[in-house]
Amino acid sequence: MRNYIVVACGIIAACQPAFAQKTDSSGNYNVYKSLLLREVYIQPGKSVSQSNEELQTGGLQALSDQILERNPGINMIRRGNFAMEPSIRSLSGGRITMTIDGMRVFGACTDRMDPVSSYIEPTNLESILVSFSPGEDLHGTSIGGGVDFKLKEPKFTEGSQLNGMLGSGFESNGNAGQLLAGIEYSNADFAFHADGIYRRSSNYHAGKGTEVFFSQYKKWNGNISVKAKTGTRSFIKADYVQDEGRDIGYPALTMDVGFAKAKIAALSYMQKDPETHTMWETKVYYNFIDHAMDDTRRPVEQVAMHMDMPGTSRTFGAFSSISFKLREHHYFKLQLDGFSNKLSAEMTMYPENAAPMFMYTLPDPARTSIGFDFSDKVFLNSHTSIKIGGRLEYLHDFLFTQAGKDQVSGLYNGDISRQRWMKNLSIQGSFHVSPLFDLSAQVAAGARAPTLQEEYSFYIYDRLDGHDYIGNPQLKQEKSINLDLNANFHTKEFKAETNVFSYFLRDYIAGSILPGYSTMTIGANGVKQFINIPSARLYGAALVLSWSPFPAFNITSTNTYTRGTDHRANALPLIAPLKSVNTVSFQAGRETIFHVESVSNARQNRVNTELYGETPTKGSTILNFGASRNLLFTSAKVLKLSGGVTNLLDSQYSQHLDIMKVLRPGRNFFLRMTLLF
C-alpha cells in the first residue's frame, strides 16, 4: 500500500509513453493521439520538441525489450539481462504472434531463451505495432494479439541525399556499452539503408551491490534494405537482417547460451495508388535461427552433468495483401499467406565414466500453414464506423525425419501428424460521441493451435515449476471469446483513456502431472504432459491519464491490471499484478527535456504453487531520472545527448514475471549520444 501512496503523492515519471497516431485509410475524419499505445514509432530524426518517444528509444540505443515494456498491457518475462519475452495482457508463447515486417519467425530454444524480439534492434525498425485482439491485422491465428516489428524503409527523394548516424552509450551497472552506425542514400528511383549495432555487458549488480552472476552478454546486429522503383507507383524492396549473440548468461536458468544467431531475408513488391487508396504488397521470405545452450562456463559444482543442447528453426514463407476503397468511406483488405517451419532440438549428455547419451528434445517437428485474412471497414457517418475482420487458416503438423518418428514411437500410437482448420472472427464498432469523447467496443472469437513444443516436446525442463514436460499430439486447439471496451476523453490539457477487457478461454492448454514417469533432468520434481483443461478466464483493465497544465510540463500516469483463473478458480501462472508507471516531464527550450519516473508493481499473492510452481512476489517501486538535449549544428546535423539514472534509490527487487525471482538491476547511470548527419 505504501508504494501506491508514494505514487499518488506524485513521486512520478521518466521515459514518458510515446504518443502513437491512430490512423485509418480514409483520411476523411479527424484522428487523435492515443496514450494506450498501439504503435510506437522509432524515428531518430525527430527533435525532442516534436516527440517525447525519444526518451523511450534513447537515441536507438535501448533494447527492443525496453521499448516494448513501455507499452501499457505488455510485461516482459525475464530470465536474465537479455532476450526478455513479451507477455501481452499476461498472454505469451503460442497465445500471441510475433512477426518481423509480417514475416513469421520462430525461436529455436526449447527454454524460450530466444523470443523473436531478441533478434531485432531499434536501429532496424520503423515502428513496433502491438495488437491486443485476434481481429487486429495479425499474421496468423491467435487468442491474445501479437507484435509486429516494422522494418525501416528507406524513402525516395527528389534529389540525391546522403544521411548517416553514429552513436555510442555507456551504463555503469555491468559496464555495459553499445556502438551503432547507419547510412542511407536515396534519389528519385533508388533508396538504400544500412545500419549496425554492437552491445556488450558484464555481470550486473542488483540493489545493495549484490552481483547477479551469469548475466553477461555480447551481440551484434546488422540490417540492409534496398528499394528500387519499377514504375511510377511501384517498387521492389530487399531486406536482410543478421543478429548474432554470444556468451549470453541466464541467471534464472540452469544453462547459459553459447550463441544465438539469426539470418532473416525478404524480397517484396509493392504497388500504391493514392487516388483509389489501393495498396498491393507481395513478399517472400526465409529465416534461419541457430541456437546452442551451454553449461561450460558454470562452476563444476553447479553442473550435475555436462550436456550440449543445440537447436535450429528454419522458416520459408510468403504473403500477398491488397487494400482498396470499395466506395466512399468503405475500405477492404485481403491477404493470402503461408509458411513452412521446421524445428529441431537435441541433447547430448556426458555422464562420468560412461558413453554419451543422445536424444531429441524436439524430434524434428514441422508445421505448414496456408491462411486467408479479410478486413472490411465502413464509416456509416462522421461519427460511427464498423469493422469486421476474419481469418481462416489450415495447419499441417508432422515429424519430418524418420529418426524423430522412431524416438517418439514408444510414447504415441498411430499417426501423430495433425491437420487443423483455425478460425478468427471479430467485429468492432467505434463511435465519435463528441470532439472530446470517443467510445469503441470489440467482440472477437479467436483460436490458436498448440505449438510444436506443446505437441511434440520430449522431456523439456521447465524452470518455473521444476518439471520435465512431454508433448501431446492429441491436444485440441485453444479457443477464446474476447471482449474489449474503450472510452477516451481528450481536451487540450487533459487526456483520459480507459480499456476493459476479458478473455473467456476453452480447452486451455496447461501441464498435468504424469504419475509413474521417471524424470530425465537431475533434480526435477516430476514429469508433466500438456493437456486441455475445460476453461480459463482472463480479465483486466488499463487507465492512462495525462495532464499538461502548460505546454512545457506534462504529467502522465499509466496503470494496468490483469487477473486470471482456471476452471477450478486456481490462479493462472505468469499473471502480472497491478502496475503503475507515472511520469513528470519538463521541456526547457525547444531541444531540452527532463523527466522523472516511478515504476510500481503491486505484490502478487494470487498464485498456485502446487499446480503451476509459482510463489508470491513482493511489491516494488523504483525511481528513475533522465534528461536529453539536441545540439543543432546545422539543419542537417544534430547531436542527440541523453543521460540519467535508473533505480535511483538502488532498490533490490524483482517482478512477478521474472523467472526464479532473478533480481533486476540496481542503480545504473547511463550516458548516450547519437550524431545524425
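Small disclaimer: the values here were computed from a predicted structure and weren't measured. (Residues numbered from 1 in each chain as written. Predicted model: local features only at pLDDT ≥ 70, side-chain atom pairs only at ≥ 80, totals over all residues. Heavy atoms only, no water.)

1. A few points about the overall build of the protein
Across its full length, the protein carries six helices and 34 strands. The C-alpha radius of gyration computed for the protein amounts to 25 Å, which stays within 12% of the reference 26 Å derived for 677 residues, consistent with globular compactness. Seen through its C-alpha atoms, the protein measures out along the principal axes to roughly 70 × 60 × 50 Å. With 677 residues in all, the protein has 57% of them scored as buried. Long-range contacts, defined here as pairs at least 24 residues apart, represent 67% of the contacts in the protein between residues at least 6 apart. Working note: accessible area of the protein is about 27700 Å², and carbon and sulfur atoms make up 59% of it. (Helix = DSSP H or I, 4+ residues; strand = E, 2+ residues; numbered from the N terminus. Rg over C-alpha atoms; globule rule 2.2 N^0.38 Å. Buried < 20%, exposed > 50% of the residue type's maximum accessible area, 1.4 Å probe, protein only. Contact = heavy atoms within 4.5 Å. Areas by Shrake-Rupley, 256 points an atom, 1.4 Å probe, with all protein chains shown as cover.)

2. Focus: the side chain of Asn221
Structurally, Asn221 is set in strand E13 (residues 217-231). Exposure remark for Asn221: the relative accessible area of 1% places this residue in the buried category. Only 2.9 Å separates the side chain of Asn221 from the side chain of Asp243, close enough to count as a polar contact. Residues contacting Asn221, with those up to four places away along its chain left out, are Tyr119, Ile120, Glu121, Thr123, Asn124, Asp195, Gly196, Ile197, Val241, Gln242 and Asp243. (Polar contact = N/O pair within 3.5 Å; in protein donor to acceptor, adjacent residues only side chain to side chain.)

3. Here we look at the packing of aromatic side chains
The full count for this structure, using the stated rule, is 14 aromatic pairs. When the ring of Tyr331 is compared with that of Phe379, the centres are 6.3 Å apart and the planes differ by 85°; the resulting orientation is edge-to-face. Note that Tyr331 is positioned in strand E18 (residues 330-350) and Phe379 in strand E20 (residues 365-379), a separation of 48 residues in sequence. Summarising the burial analysis for this pair, Tyr331 and Phe379 share the class buried. For the ring pair Phe358 and Tyr360, a centre distance of 5.3 Å and an interplane angle of 75° mean the geometry is edge-to-face. Here the guanidinium or amino end of Lys227 rests over the ring plane of Phe156, the centre of that ring lying 4.4 Å away. Looking at Lys261, its charged tip hangs above the ring of Phe259, at a distance of 4.7 Å from the centre. (Phe/Tyr/Trp six-rings, centres within 6.5 Å; stacked < 30°, edge-to-face > 60°. Lys NZ or Arg CZ within 6 Å of the ring centre and 35° of its normal.)

4. Let's talk about the sheet that holds strand E7 (residues 103-104)
Reading across the sheet, the five strands line up as E3-E8-E9-E6-E7 and stay open at both edges, with mixed pairing between neighbours. Looking at which strands have only one partner, the edges of the open sheet turn out to be strand E3 (39-41) and E7. (Pairing = 2+ DSSP bridges.)

5. A look at a nonpolar patch on the surface
Together, Leu380, Ile386, Ile388, Leu425, Ile427, Val443, Ile481, Leu483 and Phe504 make up an exposed nonpolar region whose accessible area comes to about 720 Å². Those elements that place two or more of their residues in the nonpolar patch are strand E21 (384-399), strand E22 (418-434) and strand E26 (478-490). Along the chain, Val443 turns up in strand E23 (residues 437-448). Residue Val443 is classed as partly exposed on the basis of its relative accessible area of 41%. (Patch = residues over 30% accessible without salt bridge, like charges linked within 9 Å, V, L, I, M, F, W, Y side chains within 5 Å. Salt bridge = Lys/Arg side-chain N within 4 Å of Asp/Glu carboxyl O.)

6. Focus on the confidence of the model for the protein
Summing up the model confidence of the protein, the mean pLDDT is 88 and the portion of residues at 70 or higher is 91%. The secondary-structure element of the protein with the lowest mean pLDDT is strand E1 (residues 20-21), recorded at 36, while strand E14 (residues 234-248) shows the highest, at 97. Throughout residues 1-33 the model reports pLDDT below 50, and contacts reaching past four residues in sequence, or to other chains, amount to 104 contacts. Across residues 45-54, where pLDDT falls below 50, the model places 30 contacts with residues more than four positions away in sequence or in other chains. (pLDDT = per-residue confidence, 0-100.)

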